[in-house]
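Chain by chain, the residues:
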Amino acid sequence: MADIIQLLPDHVANQIAAGEVVQRPASVVKELLENAIDAGASSIKLIIKESGKTLIQVVDDGIGMSPTDARLSFERHATSKIKSAQDLFQLNTKGFRGEALASIAAIAHVEMQTRQGAEELGTAIKIEGSKIISQDVVATPAGTSIAVKNLFFNIPARRNFLKSNQVELRHITDQFHRVALAHPQVSFQFYNNGSELFNLAVATYRKRIVNIFGSRSNEKLVPVEEETQVVKISGFICKPEFAKKSRGEQFFFVNNRFIKSPYLYHAVVNAFEGIIKPDTYPGYFLYLEVDPSSIDINIHPTKTEIKFDDEQTLYAILRSTIKHSLGQFNIAPVLDFEKDPNLDTPYAYKNLNAPLPKVAVDARFNPFNTGHPSAAPKSFTKKSVKGWEEMYVGLAAASNSGEEMGESDFESETITSSIFEGMKEAEASTVTTLQLRRKYVVSTIKSGLLLIHQNRAHQRILYEKFLRTITIKETTSQQLLFPLSLSFSSTDMSILHNISEQLRCLGFVFEEKENYTLEISGVPALIPENEVGIVLDQLISDYQHEVPEDSFSQTDVLAKALCKTLAVKTGDILDSNSQLVLLNDLFGCKEPGVSPFNKPTYNTISESEIDKKFI
Ligand code: ADP
Ligand code: MG
């Protein structure tokens, strides 16, 4: 039988290798940005069109390439960064595999212009699908410009696999953030379809973060600093109260390279344990410096995973460093997460030390002497009971005044649902409710007991209200006395821009100002002014996850985000009137049985079930 094994032609091998390196436009962005950093650039420009599908260009002012190097750079395993395997253990560069440019050139149209500073003229090279089309001598600025056009032009399956422009842009922006955050000493500009998304001047680490994520992030950041023999840690963690519902702002850099490490992530989460709400994620920007020979970054082709020699020590150091920062900046644990801490203690009691119960010891008391009535235990009991009663009165008053959501916003609606069938109006008003563990509202119905999950029920009520308001466009706006000025990152702003129509329908009155600032002069009547920022943050984070295309699902995401933020929470105290209104409103809903997130809102326990317990 004839021999059947052949060596793959280079262009086929390159195309296969490309699959590993280039998954989407963002992969190209990452490789080109990293090459520019490795070339010692002090200023880098990223230009994309249609989220990188038609153009990705990176222009740097780095060291440039000689004509021979320019050509060689597109060969596989062509790298200037390592010469021997030994070099792998002293890596200070991002790249070293010499694969990126070869891979990119295999699946796109590439135009490179490059000049070394000392030379007068530079080199221009055109490559299409690994084939060199032309190489010329040109006048070009010092540094390198690489333009990648028509990505995946020769692999239609890959091209079709790309997501919407919005999604691809988000991936690119993520990569851009990672590189820009790791190199604040380099200035960056980023354009999509001709419009500027970022213009980042040389800055400190802190300023770079603020420039990317908006000026509001400044107050969130708590510095972290530690130097040991194993590792030097610097950077910031976000204050616990800013922990997000999504894992947005979490960045580890090791020797200025963005990395993912589930293990170190766990160390951070562990340090935050008990300080942030469950289901929220701490934000962090942590820069670790270690001896390059103590890590192996070679275990994954796209190089975001990393292996440390001494992970356990690193874990312990990181955890205690973060705990220390949290402690030093007086960030005390909040024990009851869902509750507004202002409701904890009535104002009159604030700053007052709780009086210790006084035990009047009756020296003559002898429990065995039944003939001698003892006053001591009784007066103790009585005293403390009275104290508790006072606390309760105070609590109720505070929760009334603090909880504007309570009365004013629950407009009573008639009970329509069958659950109250047969009950006359007068009877309905005598319905009694009580709150169980600040979580459930309990009431009786004909057949037994009714248990309402207060948070989910209120979500359902608000969700339907918001859907109505947005679709009928019945704007109920409250004018703000002083306009609110909120600044965002450019990505966040573009999300808000996309849903501005719906926001206006809801009752938001605002103008988009310079520097990604929103000036808000009116807010929906249902949203308290001090919650506006939180509501918008929640919205942005939900839209980042869902990216709904049609207007119906946009409205749905909007209504869900709002009800999630604004609904009364587990832990909130509801006065009896609010409990009643909650009950009435819930059963005035179209779908009272489930929350907008498909969880049961109430349950009943029938009399016979209760009877069974008493057998
Ligand atoms: P690697 O970065 O792993 O070495 P690449 O394929 O990304 O491999 O690049 C190949 C080589 O091309 C690099 O080693 C470097 O010498 C050269 N090169 C690539 N981009 C640039 C640039 N922007 N400026 C100067 N040299 C570059
Ligand atoms: Mg490279």
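Look above for the structure.
Only a predicted model underlies this, so the values are computations on that prediction, with no experimental measurement involved. (Residues numbered from 1 in each chain as written. Chains lettered and ligands numbered in written order. Predicted model: local features only at pLDDT ≥ 70, side-chain atom pairs only at ≥ 80, totals over all residues. Heavy atoms only, no water.)

A.B. asks: What's the story with the sheet that holds strand S12 (residues 257-259) in this structure? I'm lost.
C.D. replies: Through backbone hydrogen bonds, the strands of a sheet pair up, either in parallel or in antiparallel fashion. Pairing in this open sheet of five strands is mixed, and the strands run S9-S10-S13-S11-S12 from one edge to the other. Each edge of the open sheet carries a strand with a single partner, namely strand S9 (221-227) and S12. Across the sheet, the axes of successive neighbouring strands diverge by a mean angle of 20°, strand direction being ignored. Relative to strand S13 (residues 284-289), strand S11 (residues 250-254) runs parallel, the two sharing five bridges. Residue pairing in the sheet places Gln250 in a bridge with Tyr284 of S13. This element, helix H6 (residues 165-182), spans S11, S12 and S13 of the sheet and lies at about 50° to S11. (Pairing = 2+ DSSP bridges. Helix = DSSP H or I, 4+ residues; strand = E, 2+ residues; numbered from the N terminus. Axes fitted to C-alpha atoms, helices over the stretch in contact; angles between N-to-C directions. Contact = heavy atoms within 4.5 Å.)

A.B. asks: Help me understand the site of ligand 1 in this model?
C.D. replies: As a structural note, the neighbourhood of ligand 1 is formed by 18 residues, with Asn35, Thr79, Ser80, Lys81 and Gly98 the closest of them. Ser80 has a polar side-chain atom sitting 2.5 Å from an oxygen atom of ligand 1. Here an oxygen atom of ligand 1 sits 3.2 Å away from a polar atom, N or O, in the main chain of Ala100. Here ligand 1 loses 93% of its free accessible area of 530 Å² to cover by the protein chains. Under a 2 Å grid-point criterion requiring more than half of the atoms, the pocket assigned to ligand 1 is the second largest pocket. Among the residues making up the shell around ligand 1, the classes are represented as six nonpolar, eight polar and four charged. (Near = heavy atom within 4 Å. Polar contact = N/O pair within 3.5 Å; in protein donor to acceptor, adjacent residues only side chain to side chain. Areas by Shrake-Rupley, 256 points an atom, 1.4 Å probe, with all protein chains shown as cover. 1 Å grid on protein atoms, 1.4 Å probe; cavity = no way out; pocket = protein on both sides within 12 Å on 5 of 7 lines; lining within 4 Å. Sits in = over half its atoms within 2 Å of the grid points. Nonpolar A, V, L, I, M, F, W, Y, C, P; charged D, E, K, R; others polar.)

A.B. asks: Help me out: how do you make sense of the sheet that holds strand S21 (residues 517-524) in this one?
C.D. replies: Spatially, S19-S21-S20 is the arrangement adopted by the three strands of the open sheet, whose pairing is antiparallel. Taken across any chain shown, the strands that pair with only one partner, and hence form the sheet edges, are strand S19 (477-487) and strand S20 (509-513). For this sheet the average axis-to-axis angle between neighbouring strands, irrespective of direction, equals 10°. As paired elements, S19 and S21 share seven bridges and run antiparallel to each other. Residue pairing across strands places Ser477 opposite Pro524, the latter belonging to S21.

A.B. asks: Which parts of the structure should I look at to understand the pattern of salt bridges?
C.D. replies: Pairing of side chains with opposite charge becomes possible as their charged atoms draw close. This structure, assessed with the given rule, holds nine salt bridges. Measuring nitrogen to oxygen at the nearest pair gives 3.2 Å for the salt bridge that ties Arg216 to Asp537. Here Arg216, found in the loop between helix H7 (205-213) and S9, pairs with Asp537, found in helix H17 (residues 532-546); they are 321 residues apart in sequence, far enough to count as distant. Ionic pairing is found between Lys244 and Glu249, a salt bridge with its closest N-O pair at 3.3 Å. A residue is classified by how much of its surface remains accessible, and Lys244, at 23% relative accessible area, is partly exposed. Here Glu249 falls in the buried class, since its relative accessible area comes to 11%. (Salt bridge = Lys/Arg side-chain N within 4 Å of Asp/Glu carboxyl O. Buried < 20%, exposed > 50% of the residue type's maximum accessible area, 1.4 Å probe, protein only.)

A.B. asks: Which parts of the structure should I look at to understand unusual backbone geometry?
C.D. replies: Glycine aside, residues mostly have negative phi, and peptide bonds are mostly found in the trans state. Although it is not a glycine, Asn193 adopts a positive phi angle of roughly 45°. Mapped onto the elements of the fold, Asn193 is located in the loop between strand S7 (187-192) and strand S8 (195-200). With a relative accessible area of 48%, Asn193 lands in the partly exposed category. Within the chain, Arg437 stands out as a residue other than glycine whose phi angle is a positive 50°.

A.B. asks: Can you help me understand helix H9 (residues 311-328) in this one?
C.D. replies: Side chains of residues three or four places apart in an α-helix project in the same direction, reflecting 3.6 residues per turn. For H9, built from 18 residues, the straight-helix expectation of 26 Å at 1.5 Å per residue is met to within 8% by its first-to-last C-alpha distance of 25 Å. The complete set of buried residues in H9 reads Leu314, Tyr315, Ile317, Leu318, Thr321, Ile322, Ser325 and Leu326. In the core, the buried residues of H9 are packed alongside S9, strand S10 (232-238), S11, helix H8 (262-272), S13 and strand S15 (307-308). (Expected span 1.5 Å × (residues − 1).)

A.B. asks: I keep staring at the pairing of strand S18 (residues 448-453) and nothing clicks. Help me out?
C.D. replies: Looking at chain direction, strand S17 (residues 440-445) and S18 are connected through six bridges and run antiparallel. Counted as the bridge partner of Val441 is Ile452 from S18. Counting the residues between successive antiparallel strands, the hairpin from S17 to S18 contains two residues. Sheet topology note: the S18/strand S22 (residues 602-606) ladder contains five bridges and is antiparallel. Bridge pairing links Ile452 to Tyr602 in S22.

A.B. asks: It is not clear to me how the layout of surface pockets should be interpreted in this structure. Could you clarify?
C.D. replies: A water-sized probe rolled over the atoms picks out the places where empty space is left. Here the second largest pocket defines a volume of roughly 760 Å³. Of all the elements in the fold, those that place two or more residues in the lining of the second largest pocket are helix H2 (25-38), strand S2 (55-60), helix H3 (67-72), helix H4 (100-106) and strand S6 (143-149). Of the residues forming the lining of the second largest pocket, the biggest block, six residues, is contributed by H2. (Points joined across faces, edges and corners; volume = space filled by probe spheres on them.)

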